[in-house]
Amino acid sequence: MSEIDDLLAKLDLEAKVRLVSGSGVFRFAGDASIGLDEMPVSDGPSGVRGELWDERDPSVSLPSGTALAATWDRELLAEIGALIAAEARRKNVYAVLGPTINLHRSPLGGRHFECFSEDPVLTGEIAAAYVSAVQAHGVSACPKHYVANDSETERFTTDVIADDRTLRELYLYPFERSVRAGAWMIMDAYNSVNGTTMTENALLDEPLKGEWNFDGVVVSDWTAVRSTDGAAKGTDIAMPGPWELWGAPLVEAVRKGEVPEAAIDEKVRRILRFAIRVGALNGTPLQPPVFTDESAQALVRAAAAKAMVLAANDGTLPLDKPARVALLGAAAAEPRFMGGGSATVIPGHTTSPLDGLSAVLPVEYTPGVHLNDHMIPVPLDLVTDPETGTPGLSLRYLDGDKILDTEHRTAGGLMLFGNPNAMAAKSFELRGKLRVDSAGEWRIGFAGVGALRLEIDGETVLTDTVMPDGTDPVEMLLNPPQRFVTRELAEGDELEVLVELAPVPAAGLPALGLTFAVGRPRRAADAEFAAAVELARTCEVAVVVVGTTEQIESEGFDRKDLRLPGRQDELVAAVAAVNPRTIVVVNSGAPVEMPWRDDVAAVLLSWFPGQEFGSALADVLTGAAEPGGRLPTTWPKVMADVPVLDTAPDATDHSLRYDEGIHIGYRAWLKSGVAPAYPFGHGLGYTNWELSDLSVSGRTATVTVRNTGARRGRQVVQAYLSREDSAVDRPVRWLSAFAAVEADAGETVTATVELPRRSFEHWTAKGWAVEPGAFTLHVGTSVVDLPLTADIS
Ligand code: BGC
């Protein structure tokens, strides 16, 4: 008998069902009788939040999915993986719930920022590098969400209709690649595919557990398990735990013969195997490398610079010691370091573009636009905890008049769940002394769901019961409505503020959030706009940071259009009209329309670059680092051009038909013949390159790459295949492989690209097949810039 079967034999049915039902919001159950520890798990793909959502235990915030993929850099991913593992160990976490490897089917997809690419090969390569790197240090990765969870609209009920070939060649491929890279855990998705919800779908058996030999654990997406008897199917752990549809009802279902006990045993075997791998079963977890704050920051900063895609540049970048730089845009001071939703972490350190650029350039800043009317969680430099007299707030957990606990907190927005006091409390109070740093009309208020009350200087000034509005609960939790009062204040004025929340159980949220929010006085919109344009006119260079907001780009919903919110387009156009050296930095996780892109000196796509945004941006703008990114997704000119757009399922049967089949992303653009703003694979650096001498031997191609510019650089050599006169429906061309090279100015190096057999295969009713005859290999630096070709049989 194997060790696993031995242990299994010691567990009765109740004990086994406990293991498959989870034991906390972010915790797998353990069993002391067999030496199995409880196993905390954590989101997520771009940082490790830990079991709790608590600013007192901050996390390193890494570049988001699109940014990581834009590096096309497996070695970098290995370092990032080590950092993720180190963060996980520090937070006592056995598995990180990432990477997110669904595809960019439509640019409207709300979690685009979190996913890597529109291309399955690039997604698969980055995913494999991520998974192997994290797991090499004894922490499990968890590629998600299996499968076809490529958009957010009605994400719990959408039924994706896709044929086998489309699934195999596109959406399943990154999972296959991750499993072959050794993934220990896979998360199955909320949606259905071809009529069956993914937590019970036959795709969990074939190809996942059968053909691919996946011997790890399939964990449900949070709340995705929808039936007790579905436990007979492929999901191994239902989360969050203890998941009430499993637990006791599952024990009963097994007793009644509705779910075979063998199915539970098989899940437990997988869980035990997983526990051995992560060191939770009579073992000790591996010790990943130790990162100091400095070494973590240095890595994130380098990664963010490597991810930034220089889409256009007339030579203005890198900057040549300008005397005065106008920095504009609301996102320059309040950028998006990361995307919204479960990928959120709370960083202990951030640098905004304003911080980063001010450190190295003579910057003068004004926002130019008010991006939205959202207030921000009260900043620490404006608020003092009345209990401790130090920056921060006092949080009280109350049961009627009884104070269960008091905590000193150092964030204006809190998530209240996970600790026993939060479970027991009937209400919460957040108190702080607000000292304002500028004169004018301040907004003071709260955000949360439940019965809320705002008190200023002992007087109740606002009460409201805020209930969910029917949107996704995660969205409601992370982005609750705000309410406020206004006060005309002088600089230095002090107010005693108290925000109270009494949860309303009927709201049915999985957790609670409470924010003490403020809105600073601001210039009237037109005056602010005019001031920004005037500043730009008088400076040598203008840097405008534009971006999306959490209200339009986040988990839980899809975007409705690709426009930048507010007056940002108008601002860029007006600035470009007065300053020919206008550089636009786009802080979004996914494509946005840029109607001004041909009228500005440079366009730099920064994605959601993680906590070191500002320093990385300073490195790139000054030339201390090269912008290393290449587009992992096609960037359209206008939404109307996008060949695959719709993410709304049918109102009657909830179907979302993937009728475009294998033609998504650049494949669809090539098919439609419409030129995007910037093609897949595109990205400029600070030097120039010449590719020559393509030669092929077997499935290995070599290319001579010469750096013809004036400084050292890195180039990503991309290899695509095409097939003329094919009997099979195919993309015009498709990515087969890529390799990165680095070379000094004037240096010539060789790039070697291994073309995997799979990229010559297509899926048929009988399985994978290769069409006999010759394929054409195209090598170059984007999907449309392919100077070299060769025949390959
Ligand atoms: C998301 C997952 C996430 C989970 C736990 C879900 O809503 O879809 O990606 O890992 O929540 O936070």
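Going by the structure above, here's the rest.
Thresholds, definitions, all that
- Residues numbered from 1 in each chain as written.
- Predicted model: local features only at pLDDT ≥ 70, side-chain atom pairs only at ≥ 80, totals over all residues.
- Heavy atoms only, no water.
- Near = heavy atom within 4 Å.
- Polar contact = N/O pair within 3.5 Å; in protein donor to acceptor, adjacent residues only side chain to side chain.
- Areas by Shrake-Rupley, 256 points an atom, 1.4 Å probe, with all protein chains shown as cover.
- Pairing = 2+ DSSP bridges.
- Helix = DSSP H or I, 4+ residues; strand = E, 2+ residues; numbered from the N terminus.
- Axes fitted to C-alpha atoms, helices over the stretch in contact; angles between N-to-C directions.
- Contact = heavy atoms within 4.5 Å.
- Core = buried A, V, L, I, M, F, W, Y, C linked by side-chain atoms within 4.5 Å.
- Buried < 20%, exposed > 50% of the residue type's maximum accessible area, 1.4 Å probe, protein only.
- Arc of directions from axis to C-beta.
- Salt bridge = Lys/Arg side-chain N within 4 Å of Asp/Glu carboxyl O.
- Phe/Tyr/Trp six-rings, centres within 6.5 Å; stacked < 30°, edge-to-face > 60°.
- Lys NZ or Arg CZ within 6 Å of the ring centre and 35° of its normal.
- 1 Å grid on protein atoms, 1.4 Å probe; cavity = no way out; pocket = protein on both sides within 12 Å on 5 of 7 lines; lining within 4 Å.
- Points joined across faces, edges and corners; volume = space filled by probe spheres on them.
- Nonpolar A, V, L, I, M, F, W, Y, C, P; charged D, E, K, R; others polar.

Novice: Before we go on, may I ask you to explain the site of the ligand in this structure?
Specialist: Near the ligand lie 14 residues; those nearest to it are Asp43, Arg111, His145, Tyr190 and Asp221. A distance of 2.7 Å separates an oxygen atom of the ligand from a polar side-chain atom of tyrosine 190. Within the complex, 95% of the 310 Å² of free accessible area of the ligand lies under protein.

Novice: Any chance you could explain the sheet that holds strand β25 (residues 541-547) here in plain terms?
Specialist: Whether parallel or antiparallel, the strands of a sheet pair through hydrogen bonds between backbone atoms. Strand order in the open sheet formed by six strands is β10-β27-β26-β25-β11-β12, with mixed pairing between adjacent strands. Two strands in the sheet have a free side with no partner beyond their single neighbour: β10 (309-313) and β12 (363-366). Within this sheet the neighbouring strands show an average axis-to-axis angle of 20°, counted without direction. As paired strands, β25 and strand β26 (residues 582-587) are joined by six bridges and run parallel to one another. Looking across to β26, one finds that valine 545 is bridged to valine 585. Each of β11 (325-328), β12 and β25 is contacted by helix α16 (residues 525-538), which is oriented at about 160° to β12, the strand it contacts most. Most of the contacts of helix α18 (residues 613-622) go to β26, to which it runs at about 145°, and overall it touches β25, β26 and β27 (602-605).

Novice: I tried to follow the nonpolar core on my own but got confused; where do I start?
Specialist: Grouped burial of nonpolar side chains is what soluble globular proteins tend to show. With 91 residues, the main nonpolar core has Tyr146, Val147, Leu208, Leu735, Leu777 and Val779 as its most contacted residues. A per-element tally of this core places helix α5 (residues 120-136) first, with eight residues. In this view, valine 779 contacts Leu691, Leu694, Val703, Val717, Gln718, Ala719, Leu786, Pro787 and Leu788; residues no more than four positions away in its chain are not counted. Judged by nonpolar contacts, the second largest core, of 55 residues, contains Phe28, Ala29, Trp53 and Ala275.

Novice: What exactly am I supposed to notice about the pairing of strand β36 (residues 775-780) here?
Specialist: Looking down a regular strand, the side chains alternate between one sheet face and the other. Most of β36 sits out of view: six of its six residues are buried. In this structure, strand β31 (residues 713-722) lies alongside β36, joined through five bridges in antiparallel fashion. From the neighbouring strand, glutamine 718 faces β36, where its bridge partner is glycine 780.

Novice: Please clarify how helix α17 (residues 568-578) should be interpreted in this entry.
Specialist: Residues separated by three or four positions in an α-helix point in the same direction, a consequence of the helix having 3.6 residues per turn. If you check which residues of α17 are buried, you get Gln568, Asp569, Leu571, Val572, Val575 and Ala576. Viewed end-on, α17 has its buried residues packed into an arc of 160°, placing them on one side of the element.

Novice: How should I be thinking about unusual backbone geometry in this particular structure?
Specialist: Backbone geometry follows two general trends: most residues other than glycine have a negative phi, and most peptide bonds adopt the trans configuration. Cis geometry is found at the peptide bond from lysine 144 to histidine 145, where omega equals 0°. Positionally, histidine 145 belongs in strand β4 (residues 144-146). The peptide bond linking glycine 241 to proline 242 adopts the cis configuration, its omega dihedral lying at -10°. In this fold, proline 242 is placed in the loop between β9 (217-220) and α9 (247-255). At alanine 148, a position not held by glycine, the phi torsion is positive, near 65°. In this fold, alanine 148 is placed in the loop between β4 and β5 (159-161).

Novice: For this particular structure, what's the right way to read the pattern of salt bridges?
Specialist: It is possible for side chains bearing opposite charge to pair when their charged atoms get close. Under the counting rule described, the total for this entry stands at 58 salt bridges. Where aspartate 54 meets arginine 409, a salt bridge forms, and the shortest distance between an N and an O atom there is 3.2 Å. With aspartate 54 in the loop between β2 (39-42) and α3 (65-70) and arginine 409 in strand β16 (residues 402-409), this residue pair connects regions lying 355 residues apart in the sequence. Neither residue differs from the other here; aspartate 54 and arginine 409 are each classed as buried. A salt bridge links aspartate 437 to arginine 520, with the nearest nitrogen and oxygen atoms 2.9 Å apart. Of this pair, aspartate 437 sits in the loop between β18 (427-435) and β19 (440-448) while arginine 520 sits in the loop between β24 (512-519) and α16, and the two are 83 residues apart along the sequence. Since its relative accessible area comes to 35%, aspartate 437 is described here as partly exposed. The exposure class of arginine 520 is partly exposed, given its relative accessible area of 32%.

Novice: I would appreciate a short explanation of the packing of aromatic side chains in the present structure.
Specialist: Here a ring pair, both rings aromatic, is described through the centre-centre distance and the interplanar angle of the planes. In this structure the tally under the stated criterion is 16 aromatic pairs. Between tyrosine 146 and phenylalanine 175, the aromatic rings sit 5.2 Å apart at their centres with planes inclined by 85°, giving edge-to-face as the arrangement. Placement of the pair is tyrosine 146 in strand β4 and phenylalanine 175 in helix α7 (residues 173-180), with a sequence separation of 29 residues. Three or more aromatic residues joined by ring pairs make a cluster, and in this case those are Trp72, Tyr666, Phe680, Tyr720 and Phe738. The lysine or arginine in question, arginine 758, covers the ring of tryptophan 768, its NZ or CZ lying 3.6 Å from the ring centre.

Novice: Where do I start with empty space enclosed by the protein in this structure?
Specialist: If a probe the size of a water molecule is rolled over the atoms, the empty space left behind becomes visible. Considering all chains together, one arrives at five cavities of 30 Å³ or more under this definition. Of the voids in this model, the largest cavity is the one considered here, and its volume is about 260 Å³. What lines the largest cavity is a set of 19 residues, and nearest its centre among them are Arg667, Trp734, Arg758, Ser759 and Glu761. Mapped onto the lining of the largest cavity, the elements with two or more residues apiece are α5, α6 (164-171), β32 (734-743) and β34 (761-764). Here the lining of the largest cavity is built from residues that sort into eight nonpolar, three polar and eight charged. Its residues assigned to classes, the lining of the second largest cavity shows seven nonpolar, six polar and two charged.

Keep in mind these numbers describe shape, not what the thing actually does.
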